[in-house]
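Structural description and commentary
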Amino acid sequence: MLSMRLRLADLQEPKWRSQGGRWINGESWIEPANVSTLVMEVNDDQAPRVRVRVKECKRDEADFVALTMEPGQARLAAGVFGTAPLYLAEKAGELHASWDLTLLRPHLRADRLVPRVVARTLTRQHRYTSETLFEGVYRLTERAAATFTPSGLSIHYPEPAEHVLEPRTLRPGVDPLAALDELLTGVIRQAPTATGCVGVELSGGADSGNVALAIKAARFPEVYSFGLLVGGSTGRQQRERRRVFVEHCGFRDTATPAMQRPPF
């Protein structure tokens, strides 16, 4: 999770210094999100190549965003889990990136939307790609890499994974629901939090419902839930399901009506 502005011209002589929560070099800067569970590592021992890594503050398989800079090129790679995909925009020899799309507002134009992404959004036929609603703004998903050079910005995907064509046969005596509950609750208990407070996206569907119940079982001192409410009869059903989860789990809930927040 980071935000940054990179000028290719500044990569010729990397002289990065820490200042006010940012790393600065010329007119370029890199800033990790202001979250206590993140740590930023800067390795400039092999200058002019400089490596930056922002990762979760935990052991073993910590998720990360890695940035490698050298004269004429910068390369961004997202971790395996895609905790916070980056949004990227390139203009006039500068790369602008942030985990928060609203911070790229100067590069977002309502009159330059991508028609196919708009159609997918309106028909709820979402695709997990680098495309966003806005022309010239891309999303860096997990295991993908973005390369920024004088020729522009390009995004590279990993090789396709092999998909299972049919379910495996369960071993005798295995309870898949109990295994899922144990695994999900165990992973959630590892969530690093200095204050004992966590947040959960609660859409009202089965997936977020399972996560919500696992969070309740993990017994965090304080839990906030958030959700984007759709319209029509679907929205009424969604609100009722969310209400049941919130009351059962005792969450502090914030719901945002999608129809009041364009382009939703």
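Just above sits the structure.
Residues numbered from 1 in each chain as written. Predicted model: local features only at pLDDT ≥ 70, side-chain atom pairs only at ≥ 80, totals over all residues. Heavy atoms only, no water.

**Concerning the overall build of the chain**
The helix and strand inventory of the chain stands at 4 helices and 16 strands. In the chain, which comprises 264 residues, the proportion classed as buried is 34%. Of the contacts formed within the chain by residues at least 6 apart in sequence, a portion of 50% connects residues at least 24 apart. Per element, the accessible surface of the chain, about 16900 Å² overall, is 52% carbon and sulfur. (Helix = DSSP H or I, 4+ residues; strand = E, 2+ residues; numbered from the N terminus. Buried < 20%, exposed > 50% of the residue type's maximum accessible area, 1.4 Å probe, protein only. Contact = heavy atoms within 4.5 Å. Areas by Shrake-Rupley, 256 points an atom, 1.4 Å probe, with all protein chains shown as cover.)

**So, the sheet that holds strand 13 (residues 152-156)**
Ordered in space as 5-6-7-8-12-13, the 6 strands form an open sheet in which the pairing is antiparallel. Each end of this open sheet is capped by a strand with a single partner; those strands are strand 5 (38-43) and strand 13. Put simply, the sheet's adjacent strands are angled 15 degrees from each other on average, direction ignored. Pairing analysis gives 6 bridges linking strand 5 to strand 6 (residues 50-56), with the strands arranged antiparallel. Note that in strand 6 the partner of Val39 across the bridge is Lys55. (Pairing = 2+ DSSP bridges. Axes fitted to C-alpha atoms, helices over the stretch in contact; angles between N-to-C directions.)

**Let's talk about the packing of aromatic side chains**
Counting across every chain of the model gives 0 aromatic pairs. For the cation-ring pair, Arg22 lies above Trp29, with the distance from its terminal atom to the ring centre recorded as 3.6 Å. (Phe/Tyr/Trp six-rings, centres within 6.5 Å; stacked < 30°, edge-to-face > 60°. Lys NZ or Arg CZ within 6 Å of the ring centre and 35° of its normal.)

**Some details on the nonpolar core**
Grouped together as the largest cluster of nonpolar side chains are 27 residues, with contacts concentrated most on Met4, Leu6, Leu67, Met69, Leu76, Leu88 and Leu140. Going through the elements one at a time, strand 1 (2-7), strand 6, strand 7 (64-70), strand 8 (73-78), strand 9 (86-91), strand 10 (94-98) and strand 12 (145-149) are the ones with two or more residues in this core. Here Leu140 is in contact with Leu76, Ala77, Ala78, Pro85, Leu86, Leu88, Ala145, Ala146 and Ile155, once residues within four sequence places are set aside. (Core = buried A, V, L, I, M, F, W, Y, C linked by side-chain atoms within 4.5 Å.)

**A short note on the sheet that holds strand 1**
The 7 strands are arranged 2-3-4-1-10-9-11 in an open sheet whose pairing can be described as antiparallel. In this open sheet, the two edge strands, each paired with only one partner strand, are strand 2 (17-19) and strand 11 (137-140). Strand-to-strand twist across the sheet, computed as the mean angle between neighbouring axes with direction ignored, equals 20 degrees. Two elements, strand 1 and strand 10, share 5 bridges in a ladder whose sense is antiparallel.

**Points about the packing of helix 3 (residues 206-218) against helix 4 (residues 232-249)**
If you want to describe how two helices pack, look at the angle between their axes and the distance between the axes. Packing of helix 3 against helix 4 brings their axes to within 10 Å, and their N-to-C directions diverge by 10 degrees. Put simply, helix 3 runs roughly parallel to helix 4. On helix 4, the residues that touch Gly209, Ala212, Leu213 and Lys216 of helix 3 are Phe245, His248 and Cys249. Looking at the contact of helix 3 with helix 4 residue by residue, the class counts come to 4 nonpolar, 2 polar and 1 charged. (Parallel < 35°, antiparallel > 145°, perpendicular 65-115°, else oblique. Nonpolar A, V, L, I, M, F, W, Y, C, P; charged D, E, K, R; others polar.)

**Looking at the environment of Gly26**
On the secondary structure map, Gly26 appears in the loop between strand 3 (22-25) and strand 4 (28-32). For the pair Gly26 and Leu67, spaced 41 residues apart in sequence, the C-alpha separation works out to 17 Å.

**Focus: helix 3**
Compared with the 18 Å implied by 1.5 Å per residue over 13 residues, the 18 Å span of helix 3 between its first and last C-alpha is a close match. Listed as buried for helix 3 are Ser208, Gly209, Ala212, Ala214, Ile215 and Ala218. Of the surrounding elements, those touching the buried residues of helix 3 are helix 2 (176-188), strand 14 (197-201), strand 15 (222-229) and helix 4. Looking at the residues trailing helix 3, positive phi occurs at Arg219, about 60 degrees. (Expected span 1.5 Å × (residues − 1).)

**Focus: the side chain of Thr185**
Examined against the element boundaries, Thr185 turns out to sit in helix 2. Leaving out residues up to four positions away in the same chain, Thr185 has contacts with Ala214, Ala217 and Ala218.

**Quick word on the pattern of salt bridges**
This structure, assessed with the given rule, holds 16 salt bridges. For the salt bridge of Glu27 with Arg5, the shortest nitrogen-to-oxygen distance reads 3.5 Å. In this pair, Glu27 is assigned in the loop between strand 3 and strand 4 and Arg5 in strand 1, connecting sequence segments 22 residues apart. A relative accessible area of 44% places Glu27 in the partly exposed class. Ionic pairing is found between Arg243 and Glu247, a salt bridge with its closest N-O pair at 3.0 Å. Of this pair, Arg243 and Glu247 are both found in helix 4, 4 residues apart, which corresponds to roughly one turn of the helix. (Salt bridge = Lys/Arg side-chain N within 4 Å of Asp/Glu carboxyl O.)

**Some remarks on the pairing of strand 1**
For a regular strand, the rule is simple: side chains alternate between the two faces of the sheet. Sheet topology places strand 1 next to strand 4; 4 bridges connect them, and they run antiparallel. When the bridges of strand 4 are listed, Met4 appears paired with Ile30.

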